[in-house]
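Report on the structure
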Amino acid sequence: MKFLLSLALAASASTISMAFSPMTSFPITARSVAPSSALFEKKEMTEEETAVAMEKATKAMTAFTNKYLKNTNTALCSDKSIPSVVIKGLAEHKVTLGAPLCPCRFYENKEAEAKDGYWNCPCVPMRERHECHCMLFLTEDNAFAGTDQEISFEEVVEQCKGL
């Protein structure tokens, strides 16, 4: 009991920031240490490091997509090349920006948008109204909705070959 009370007091005495984890559909909290989070700091990577990071991020975004499809009872587009390209774009932004910024929009300043979080996947319109303009998470009334609620990492890689 003392531990929980201490933890609650410590949390309330410091700044807490709210974010949505790309691996779950519920909010997570993290203590703010500085105005610019290490999450968004850029680091120069070699080609090999970039390839490893992209594979890891693509696997993570594929797993996130599959889980979020089930949690929201939405489906993939019937043309699997569309969600594949979106997943690849999310993974690229995860590696380059530190956050899965929606790849289907134009931004004057991607870094600022990623920090803001509004367009980080799942974006606010998707979380609030089930509106995904990327066609990654489609409701059953969407003419492009398929029946699949899962895509494999291998499918994403195959569909994105040559891009």
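Residues numbered from 1 in each chain as written. Predicted model: local features only at pLDDT ≥ 70, side-chain atom pairs only at ≥ 80, totals over all residues. Heavy atoms only, no water.

1. Examining the overall build of the protein chain
Regarding its fold elements, the protein chain presents six helices and two strands. Tracing the protein chain from N to C terminus, the helices and strands come up as α-β-β-α-α-α-α-α. Looking at the 163 residues of the protein chain, the share that counts as buried comes to 33%. Taking contacts inside the protein chain between residues at least 6 apart in sequence as the whole, the part at least 24 apart equals 61%. Of the accessible surface of the protein chain, which amounts to about 10300 Å², a share of 57% is contributed by carbon and sulfur atoms. (Helix = DSSP H or I, 4+ residues; strand = E, 2+ residues; numbered from the N terminus. Buried < 20%, exposed > 50% of the residue type's maximum accessible area, 1.4 Å probe, protein only. Contact = heavy atoms within 4.5 Å. Areas by Shrake-Rupley, 256 points an atom, 1.4 Å probe, with all protein chains shown as cover.)

2. Overview of the packing of aromatic side chains
Counting across every chain of the model gives four aromatic pairs. For Lys-59, the ring lying beneath its charged end belongs to Phe-153, and the centroid distance is 5.2 Å. The side chain of Arg-105 reaches across the aromatic face of Trp-119, ending 3.7 Å from its centre. (Phe/Tyr/Trp six-rings, centres within 6.5 Å; stacked < 30°, edge-to-face > 60°. Lys NZ or Arg CZ within 6 Å of the ring centre and 35° of its normal.)

3. Here we look at the side chain of Lys-80
Relative to the assigned elements, Lys-80 resides in the loop between α2 (47–72) and α3 (81–97). A relative accessible area of 16% means that Lys-80 is categorised as buried. A polar contact of 3.1 Å, which involves the side chain of Lys-80, links it to the side chain of Asp-148. (Polar contact = N/O pair within 3.5 Å; in protein donor to acceptor, adjacent residues only side chain to side chain.)

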